[in-house]
Amino acid sequence: MAASGVLKTITTLLLSLESTPELLSRLENALLPVITYSLENAIIDLYEDIFDIIDTCTFSTKQISQTMWGIFELIYKTFKDTGIDYIEEIFPSLDNYISYGTQFFIQNTTLQRMINDIVETVMTSDRLNESERICGCKLIESILLNCRGVVDQYVGPFIDLVFKHLSNTKSTSLTNFKFYCIEAVINCLYYNPLLSLHILEERNLTQTFFSIWFDNIKKFSRVHDKKLVVVTLCSLMEIPVEQLPSILQTGWPQVLEVILTIFKSLPKAEENRNEMEKMYDNESDDDDDDGEADGESENRGDQAVGDDDGWEGNIL
């Protein structure tokens, strides 16, 4: 408990130093033995705090230093050995590695294989529930949005992993996890429309997927969801008609109708997001004025906003 308290205080300190990258870099080096010792010795009780620190370091600096790349393999080994139940705590760090270390990531096939193995494990392990599997869908999205044109070999496996959970999906039975599964396939289509359509056709899944997608189009309520739908459908519209599957050729009017529906609802979604951001800012100001917000709540609040901004920023 004492160690956990110290780590939470360190996380709060890191967040307060976000505007001083040089100092953060020094702190990364100073914290490296703590992170390494905790993970190598599988001190499970400290995993949440350790991954919080890794997330804060990589998010605050908006880049991945050699120090942080040096522990990536250790994070992977921890996940495979004792950390699978902590995927929701590990995910923000993995997303940061992909988002802020993209150039190094796309040049290193070993890193790509590790991330792909994590995705596969999350999507197939019996130890995880649907809520935890959402992290697998979000990792797929992060990879495809940040590594456009260089991870073609994973599009097919991603679609196969997702469709293990999308079969027999109806609008009345659409869970939150299955919604993210739909978005994972949409991300594949946005990443490479022709390749993804070819894979769907090859597996006889084109009609199934587009039926599931369009039947649930009203559930794409966030700004991010709507932008993703629009840019993906626009990408499909750039393909010559003769290269499209027959089901899309005959259903083209419905595609245009979906785009118009999304465009009409986008301003309202942006308005709702702005209201939520104002509400959060007001709550943060109240906490500062009262002096009652402890380090842990501040840290979680900052991370929540950071995560939303990151996901939204990946599209447009």
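Here is what the cut-offs are and how they apply
- Residue indices begin from 1 for each chain and proceed along its sequence in written order.
- A pLDDT threshold of at least 70 governs which residues receive local features in this predicted model, and a stricter bar of 80 or more applies before side-chain atom pairs are shown or counted, although totals over entire chains, interfaces and linings include all residues.
- The side-chain numbers reported here are obtained from all heavy atoms of the structure, hydrogens and water having been left aside.
- UniProt positions are given in the numbering used here, feature names are shortened, and annotations may be inferred rather than shown by experiment.
- Working definition: helices are DSSP H or I runs of at least four residues, strands are E runs of at least two. Numbering for both runs from the N terminus.
- Three labels apply to residues, based on accessible area from a 1.4 Å probe with only protein chains included: buried if under 20% of the type maximum, exposed if over 50%, partly exposed otherwise in between.
- A 1.4 Å probe and the Shrake-Rupley method give the accessible areas. Residues count as covered only by the protein chains that appear here.
- For every residue, the pLDDT score states the predictor's confidence, bounded by 0 at the bottom and 100 at the top.
- Here, two residues are considered to be in contact whenever any of their heavy atoms come within 4.5 Å of each other.
- Here the axes come from fitting lines to C-alpha atoms, over the contacting stretch only for helices, and the angles between their N-to-C directions go from 0 to 180 degrees.
- Rotating anticlockwise by less than a right angle from the far helix to the near helix defines a left-handed crossing, while the corresponding clockwise rotation defines a right-handed one.
- Gly falls in the polar group here, along with every residue not listed as nonpolar (Ala, Val, Leu, Ile, Met, Phe, Trp, Tyr, Cys, Pro) or charged (Asp, Glu, Lys, Arg).
- Expected helix span is given by 1.5 Å per residue-to-residue step, counting one fewer step than there are residues.
- The bend at a residue is defined as the angle formed between two axes, one fitted to the seven residues ending at that residue and one fitted to the seven starting there.
- Think of it this way: Lys and Arg go in the positive column, Asp and Glu in the negative one, and His and the chain ends go nowhere.
- The term salt bridge refers to a side-chain nitrogen of Lys or Arg lying within 4 Å of a carboxyl oxygen of Asp or Glu.
- Pairs of N or O atoms within 3.5 Å make up the polar contacts considered here, provided that, within protein, one atom can donate a hydrogen while the other can accept it, and that residues adjacent in sequence are counted only when both atoms are side-chain atoms.
- An angle below 35 degrees is read as roughly parallel, one above 145 as roughly antiparallel, one from 65 to 115 as roughly perpendicular, and any other as oblique.
- The disulfide definition used here is simple: a pair of cysteine sulfur atoms within 2.5 Å.

Under the annotation held in an unreviewed UniProt entry, the chain carries the name Nmd5p and is attributed to Rhizophagus irregularis. What UniProt states about the chain under its Subcellular location (unreviewed entry) heading is, verbatim, "Cytoplasm".

Undergrad: So what exactly am I meant to see when it comes to the overall build of the chain here?
TA: Across its full length, the chain holds 17 helices and zero strands. Looking at the chain as a whole, 49% of its 316 residues are labelled buried. Carbon and sulfur atoms provide 50% of the accessible area of the chain, an area that totals close to 15,400 Å².

Undergrad: In this structure, what is going on with unusual backbone geometry? I would like to understand it.
TA: Apart from glycine, the bulk of residues carry a negative phi angle, and the bulk of peptide bonds sit in the trans form. The residue A42 is not glycine, and still its phi comes out positive at about 50°. Mapped onto the fold, A42 is located in the loop between α2 (21-40) and α3 (47-61). Classification of A42 as partly exposed rests on a relative accessible area of 32%.

Undergrad: Explain the confidence of the model for the chain here, please?
TA: The predicted model of the chain has a mean per-residue pLDDT of 85, with 87% of residues at 70 or higher. Ignoring residues within four places in sequence, the model shows residues 291-316, a span with pLDDT below 50, making 41 contacts including any to other chains.

Undergrad: Would you take a moment to explain the packing of helix α11 (residues 176-191) against helix α13 (residues 206-215) for this structure?
TA: Two measures define how a pair of helices packs: the angle their axes make with one another and the distance between the axes. The contact between α11 and α13 brings their axes to 11 Å, and the two run at 115°. Pair α11 / α13 crosses with left-handed handedness. Mapping the contact onto sequence places I182, V185, I186 and L189 in α11 and F209, F210, I212 and W213 in α13. In terms of residue class, the contact of α11 with α13 is made up of eight nonpolar, no polar and no charged.

Undergrad: Honestly, α2 in this entry has me stumped. Any pointers?
TA: Residues three or four positions apart in an α-helix share a direction because the helix packs 3.6 residues into each turn. For α2, built from 20 residues, the straight-helix expectation of 28 Å at 1.5 Å per residue is met to within 8% by its first-to-last C-alpha distance of 27 Å. L31 marks the point of greatest bend in α2, at about 40°, and the proline P33 comes within the next four residues. When α2 is considered as a whole, its buried residues turn out to be L24, E28, L31, I35, T36, S38 and L39. The secondary structure elements touched by the buried residues of α2 are α1 (2-16), α3, α4 (66-69) and α5 (72-83). A42 sits one or two positions beyond α2 and adopts a positive phi of about 50°.

Undergrad: So what exactly am I meant to see when it comes to the side chain of E28 here?
TA: The topology assignment puts E28 in helix α2. One buried charge, E28, has no salt-bridge partner; the nearest side chain with opposite charge is R26, at 11 Å. Within polar-contact distance, the side chain of E28 engages the side chain of S65 at 2.6 Å. Excluding residues within four positions of it along the chain, E28 makes contact with C57, T61, S65, T67 and M68.

Undergrad: Help me out: how do you make sense of the pattern of salt bridges in this one?
TA: Note that side chains of opposite charge can pair when their charged atoms are close. The final tally for this structure, using the stated rule, is nine salt bridges. Linking D160 and R203 is a salt bridge whose minimum nitrogen-to-oxygen distance equals 2.5 Å. Linking D160 in helix α10 (residues 155-166) with R203 in the loop between α12 (193-202) and α13, this pair joins segments that are 43 residues apart in sequence. Among the residues examined, D160 registers a relative accessible area of 32% and is labelled partly exposed. When the shortest N-O distance is used, the salt bridge between R222 and E183 registers 3.6 Å. Placement of the pair is R222 in the loop between α13 and α14 (223-237) and E183 in helix α11, with a sequence separation of 39 residues. The buried category is assigned to E183, whose relative accessible area is 2%. Salt bridges linked by common partners bring D160, E202 and R203 together as one network.

Undergrad: Hey, could you run me through the packing of α2 against α5 in this one?
TA: Direction vectors running N to C along α2 and α5 enclose 25°, while the axes themselves pass 10 Å from each other. Between α2 and α5, the crossing angle belongs to the class labelled roughly parallel. Here α2 runs over α5; the crossing is left-handed. Every residue of α5 that contacts α2 at T36, L39 and E40 is listed here: L74, I75 and T78. Across the contact of α2 with α5, the residue classes break down as three nonpolar, two polar and one charged.

Undergrad: Even after reading the chapter, I still don't get the environment of Y190, so can you show me in this structure?
TA: Within the secondary structure layout, Y190 lies in helix α11. Exposure remark for Y190: the relative accessible area of 13% places this residue in the buried category. The spatial distance from the C-alpha of Y190 to the C-alpha of L236 is 8.1 Å, given a sequence separation of 46 residues. Ignoring anything within four residues of it in the chain, the contact list for Y190 reads L145, R148, L228, V231, T232 and S235.

Undergrad: Mind showing me how you'd approach the state of the cysteines here?
TA: In protein chemistry, a disulfide is the covalent bond that joins the sulfur atoms of two cysteines. Tallied over the full model, the rule gives zero disulfides. No disulfide involves C181; its nearest neighbouring cysteine sulfur is the one of C137, lying 3.9 Å away.

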